[in-house]
Amino acid sequence: MDKKIYEIKKELKCFHMKTYNNLETFRIKFLGKKKGLLTILFKELNKIPINKRKTFGKIINELKKEVQKKIDIFKHKNFIKNEKIIKFDPTFPGKSIEIGSIHPLSIIINRIIDIFQKIGFIYVDGPEIEDDWHNFTALNIPLFHPSRDMQDTFFLHKTPDILLRTHTSSVQIRYMKEHNPPFRVLSIGKVYRNETISSKSNFMFHQTEGFYIDKKVSFSDLKQTIHYLINSLFGEEKIRFRPSYFPFTEPSAEVDIYCNREWLEIMGCGMIDPKVLENVNIDSEMYSGFAFGLGIERLSLMIYKIKDIRNYFENDIRFLKQFKSEF
Ligand code: DAH
């Protein structure tokens, strides 16, 4: 028995485990159910005198632990889980990662930001959760005024009124409150209205808000800026300004674009109402400004000739991968 134990110890020292096969051979060699060296030794314990059994039993048990420890260390070092080895083969082709494409709405948003950056507009963000003052009251839309009904609001909380912003015009108020003119600002983001989902409308869409305030800003500056935007987006296109009404601009206009032999409305704009300027402590005698608001979904439906707005939000890769960004 002594000799056999000595042999096993020697064998244990020299054994190198390099591959899984070796690990398995190793385990079978020592612990295999039938011919494992230690298994056989255990069986042989019966044959030796009782007074020696305890000592040898202890030694064999320790050897068994040692074998198990070697197996565990090897597995740990080689990240073998559940007896399966993850073999690293450097010649194996890599997993291909599909490169996505930029969402069509993001393409248009990036284009608009680029167009306005060229004429000195800075880009700012505003919160999607707004209070009544920034979304309505400061924009000259007082409580109970019928113009509040122009936009069907999702309220999150009543008194105080907290809501999902219905337009990006609230960013005008947030920015003007904190800064002194002159400034040229652009903001783009999501707005929410309680509207039925259809091919042309959704409860959430994106708007661009632009505003420019300085001394002597006039309606002709507004017209020139809108022409510049439309020409940059569409090339030379016929547009017209139609008188309209917004509570926060005076005079106000809507802009239509001539497309496929019909006039399509694409944006609202106007000269910022002096009352709005006063609400944010800007001297309306000294400063004037224009503002405009533009729906991104509607604009991109036109640019890409897409018929249904719902395509934008369904995450269908066949649809999304058709759009290429120039950026
Ligand atoms: N906030 C308006 C809307 O959601 C759009 C708009 C119209 C924005 C005129 C403006 C503006 O800045 O001057 O319908």
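Note that the structure is predicted; figures quoted are calculated from it, not measured.

Draft legend 1. View of the environment of Pro251. Looking at the secondary structure, you find Pro251 in strand E8 (residues 249-259). Judged by its relative accessible area of 41%, Pro251 falls in the partly exposed class. As for Pro251 and Ile272, which are separated by 21 residues in sequence, their C-alpha atoms are 8.2 Å apart. Not counting residues within four places of it along the chain, the set of residues in contact with Pro251 comprises Phe219, Cys269, Gly270 and Met271.

Draft legend 2. Summary view of the domain arrangement of the protein chain. Examined at the domain level, the protein chain breaks down into domain 1 (2-85) and domain 2 (104-320). The distance between the C-alpha centroids of domain 1 and domain 2 comes to 77 Å.

Draft legend 3. Representation of the site of the ligand in the model. As a structural note, the neighbourhood of the ligand is formed by 16 residues, with His167, Ser169, Arg193, Gln207 and Glu209 the closest of them. Gln207 places a side-chain nitrogen or oxygen 2.9 Å from an oxygen atom of the ligand. Here the ligand loses 92% of its free accessible area of 360 Å² to cover by the protein chains. Mapping the ligand onto the cavity grids shows that it belongs to the largest pocket.

Draft legend 4. Fine view of the layout of surface pockets. Of the volumes computed, that of the largest pocket is approximately 1100 Å³. If you trace the largest pocket, you find 42 residues lining it, with Glu265, Ile266, Met267, Gly295 and Arg298 closest to the centre. Broken down by element, the lining of the largest pocket gets its largest block of residues, 7 residues, from strand E9 (residues 262-272). Class assignment of the residues belonging to the lining of the largest pocket gives a composition of 19 nonpolar, 12 polar and 11 charged.

Rules and cut-offs
Residues numbered from 1 in each chain as written. Predicted model: local features only at pLDDT ≥ 70, side-chain atom pairs only at ≥ 80, totals over all residues. Heavy atoms only, no water. Helix = DSSP H or I, 4+ residues; strand = E, 2+ residues; numbered from the N terminus. Buried < 20%, exposed > 50% of the residue type's maximum accessible area, 1.4 Å probe, protein only. Contact = heavy atoms within 4.5 Å. Domains from an automatic or database assignment. Near = heavy atom within 4 Å. Polar contact = N/O pair within 3.5 Å; in protein donor to acceptor, adjacent residues only side chain to side chain. Areas by Shrake-Rupley, 256 points an atom, 1.4 Å probe, with all protein chains shown as cover. 1 Å grid on protein atoms, 1.4 Å probe; cavity = no way out; pocket = protein on both sides within 12 Å on 5 of 7 lines; lining within 4 Å. Sits in = over half its atoms within 2 Å of the grid points. Points joined across faces, edges and corners; volume = space filled by probe spheres on them. Nonpolar A, V, L, I, M, F, W, Y, C, P; charged D, E, K, R; others polar.

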